[in-house]
Amino acid sequence: MRILVIGSGGREHALLAGLRGNELHVAPGNAGMASLAEVHSVDVASPEAIVALARDVGAELVVIGPEIPLVAGAADALAEAGIDVFGPTKAAAQLEGSKAFAKEVMAAAGVRTASATRVTELAEIDAALDEYGPNYVVKDDGLAGGKGVVVTQDRAAAEAHARAVIEAGNPVLFESFLEGPEISLFCLVDGDTVVPLLPAQDHKRAHDNDAGPNTGGMGAYTPLPWLPDNGVERIVAEIAEPVAREMVARGIPYQGILYVGAAWGPEGPAVVEFNARFGDPETQPVLSLLKTPLVRALTAVATGTLAELAPLEWEDGYAATVVLSAEDYPAAPRTGDAITGEGLDDPTTILHAGTALQDGVLVSSGGRVLNALGKGATLEQAVDKAYEAVEKITLQGSFYRRDIARKAIEGDIRVGS
Ligand code: GLY
């Protein structure tokens, strides 16, 4: 099948690796993808440009990686052009594009989540801080590329973030803090049919022991040894299925990945956030364990036949990824430095994110530069392999977290019920 993948990060490199065996095209791509796909340029915010490229390459399926084209309406434009697309419509992608919309859908569907207040005026910030402290969760209501959420006990920092969001013209959401370890569960959704992938956990803070600023994600592992045996079934039954049914009832059926970001608190899972796409970096380890051809799963959703898909098959064991980030990520990542080392051409070991070729030299071009992957019979073995791979890479000023999955390995994550 001829497939066009839209995006340029580690997630899209993992999608391409999972789609090997097909004729692959990617746009805008990165330097690591050329061995798997023909790389094209495109403005990801332009549905028209994506349709034009899909026509040019004769794509039979378009897989949209990031949220920006989804929220801009790329899936609608492709469907109108008669091209199969994996990714929700603009209206359905509002589950990620507007946190206020997502809250409204969850309330209607009876899904557990944090309570929230939407604030649009600077003068309302103080009262919201009084209501929600001492753990402040302050979110930009729109898309913010992973930088929209501040979770802090520092009232001044919470206030500064709220001010910045409102001054940039967006509403801000104050939320109650959800207790418990976080889970990323990606669900294939086709109308009211929901098929979960393996559960994963991201590490969102920049530094070890969850210190430092929020990032797009510094490392992840799958599956989760601490999750109750019925954990995935509960997230599907208590969150994903009611939301999928509510979207159908509203006349905006969801087709694509519904990324359920949940916290497992004393009453079980509660929603922290939804995304309308695969997560990055969790996709990298999750797809590395998928035995069912990825094209089969994505096509089933794109063609409205997910209910007929045979159960997904997975490798036994665990997978993990460690993200190598550029100096000063996420504040002001340094770019343009040479990357050298082993495994850079092997997508089973290294998946590229912020990389480019400059005069034939592989250089850093973004904050999250590479993802080192490892698999093993135990979680510890998988993590050790990922660290072995990242240690073989040299990039001046770069850093990575040394504690990916450590709490899970040491049995330090406990859930309430
Ligand atoms: N891993 C967080 C995200 O993809 O949004």
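Residues numbered from 1 in each chain as written. Predicted model: local features only at pLDDT ≥ 70, side-chain atom pairs only at ≥ 80, totals over all residues. Heavy atoms only, no water.

Once that is clear, we can look at the overall build of the chain. For the chain, the count of helices and strands is 13 helices and 24 strands. Its C-alpha atoms give the chain a radius of gyration of 20 Å, within 12% of the compact-globule value 22 Å for 417 residues. Across its three principal directions, the C-alpha atoms of the chain cover 55 × 45 × 45 Å. Each of the 417 residues in the chain was classed as buried or not, and the buried ones make up 57%. Sequence-distant contacts in the chain: of pairs separated by 6 or more residues, those separated by 24 or more amount to 65%. By element, 47% of the accessible surface of the chain is carried by carbon and sulfur atoms, the whole surface being about 16300 Å². Across the chain, the mean location of the 31 positive side-chain charges is 2 Å away from that of the 58 negative side-chain charges. (Helix = DSSP H or I, 4+ residues; strand = E, 2+ residues; numbered from the N terminus. Rg over C-alpha atoms; globule rule 2.2 N^0.38 Å. Buried < 20%, exposed > 50% of the residue type's maximum accessible area, 1.4 Å probe, protein only. Contact = heavy atoms within 4.5 Å. Areas by Shrake-Rupley, 256 points an atom, 1.4 Å probe, with all protein chains shown as cover. Lys, Arg positive; Asp, Glu negative; His and termini not counted. Charge placed at Lys NZ, Arg CZ, Asp CG, Glu CD.)

On to the site of the ligand, then. Taken together, the residues surrounding the ligand are Asp202, Gly216, Tyr259, Asn275, Arg277, Gly279, Asp280, Pro281 and Glu282. Between the ligand and the protein, one listed contact pairs an oxygen atom with a side-chain N or O atom of Arg277 at 2.9 Å. Between an oxygen atom of the ligand and a main-chain N or O atom of Asp280, the distance comes to 2.9 Å. Calculation on the ligand without its partners gives an accessible area of 200 Å², and the protein chains cover 89% of this total. Classifying every residue of the shell around the ligand by side-chain character gives two nonpolar, three polar and four charged. (Near = heavy atom within 4 Å. Polar contact = N/O pair within 3.5 Å; in protein donor to acceptor, adjacent residues only side chain to side chain. Nonpolar A, V, L, I, M, F, W, Y, C, P; charged D, E, K, R; others polar.)

Think of two packed helices as two axes; the pair is described by the angle between the axes and how far apart they sit. Axis separation between helix H7 (residues 125–132) and helix H8 (residues 155–167) bottoms out at 11 Å; the angle between their running directions is 135°. By the criterion of interaxial angle, the relationship of H7 to H8 is oblique. Helix-helix and strand crossings are classified by hand; for H7 and H8 the assignment is right-handed. Contacts between H7 and H8 involve Ile125, Asp126, Leu129 and Asp130 from the first element and Arg155, Ala158, Glu159, Ala162, Arg163 and Ile166 from the second. Of the residues contributing to the contact of H7 with H8, the split by class is five nonpolar, no polar and five charged. (Axes fitted to C-alpha atoms, helices over the stretch in contact; angles between N-to-C directions. Parallel < 35°, antiparallel > 145°, perpendicular 65-115°, else oblique. Left-handed = near helix turned anticlockwise from the far one by under 90°.)

For the rest of this paragraph, the subject is the sheet that holds strand S15 (residues 219–222). Overall, antiparallel pairing links the five strands, which are arranged S12-S15-S18-S23-S20 in an open sheet. With partners counted over all chains shown, the strands left at the sheet margins are strand S12 (201–202) and strand S20 (350–352), one partner each. Judged from the two bridges that link them, S12 and S15 form a sheet pairing that is antiparallel. Bridge pairing in S15 links Gln201 to Tyr221. Packed on one face of the sheet, helix H1 (residues 10–18) meets S20 and strand S23 (368–376) and runs near 120° to S20. Helix H12 (residues 379–391) rests against S15, strand S18 (318–325), S20 and S23 of the sheet, and its axis sits at about 140° to S23. (Pairing = 2+ DSSP bridges.)

This paragraph deals with the nonpolar core. Core analysis: the biggest nonpolar cluster contains 81 residues, and Val62, Leu78, Leu95, Tyr221, Met247 and Phe274 have the highest contact counts within it. No other element matches helix H9 (residues 231–249), which puts eight residues into this core. Formed by 39 residues, the second largest nonpolar core is a distinct cluster that contains Leu19, Leu198, Leu294 and Ala297. (Core = buried A, V, L, I, M, F, W, Y, C linked by side-chain atoms within 4.5 Å.)

Glancing now at the sheet that holds strand S7 (residues 136–140). Across the sheet, which stays open at both edges, the four strands sit in the order S6-S9-S7-S8 with antiparallel pairing between neighbours. Each edge of the open sheet carries a strand with a single partner, namely strand S6 (116–119) and strand S8 (149–152). Direction aside, neighbouring strands of the sheet carry axes that sit 20° apart on average. Taken together, the four bridges between S6 and strand S9 (residues 172–175) define a ladder with antiparallel strand orientation. From the neighbouring strand, Ala116 faces S9, where its bridge partner is Glu175. Relative to the sheet, helix H6 (residues 99–109) contacts S6, S7 and S9, its axis offset from that of S9 by approximately 45°.

Turning our eyes to something else, we now look at helix H2 (residues 47–57). Among all positions in H2, only Pro47, Ile50, Val51, Leu53, Ala54 and Val57 are buried. The buried residues of H2 occupy an angular sector of 165° when the element is viewed end-on, so they sit on one face. Among the exposed residues of H2, those pointing more than 90 degrees away from its buried face are Glu48, Arg55 and Asp56. Close packing links the buried residues of H2 with strand S1 (2–7), strand S2 (23–28), strand S4 (61–64), helix H3 (67–72) and helix H4 (74–80). After H2 finishes, the residue Gly58 shows a positive phi value of roughly 70°. (Arc of directions from axis to C-beta.)

A few words on a negative patch on the surface. There is a patch of like negative charges on the surface, built from Glu380, Asp384, Glu388, Glu391, Glu410 and Asp412. By secondary structure assignment, the location of Asp384 is in helix H12. (Patch = residues over 30% accessible without salt bridge, like charges linked within 9 Å, V, L, I, M, F, W, Y side chains within 5 Å. Salt bridge = Lys/Arg side-chain N within 4 Å of Asp/Glu carboxyl O.)

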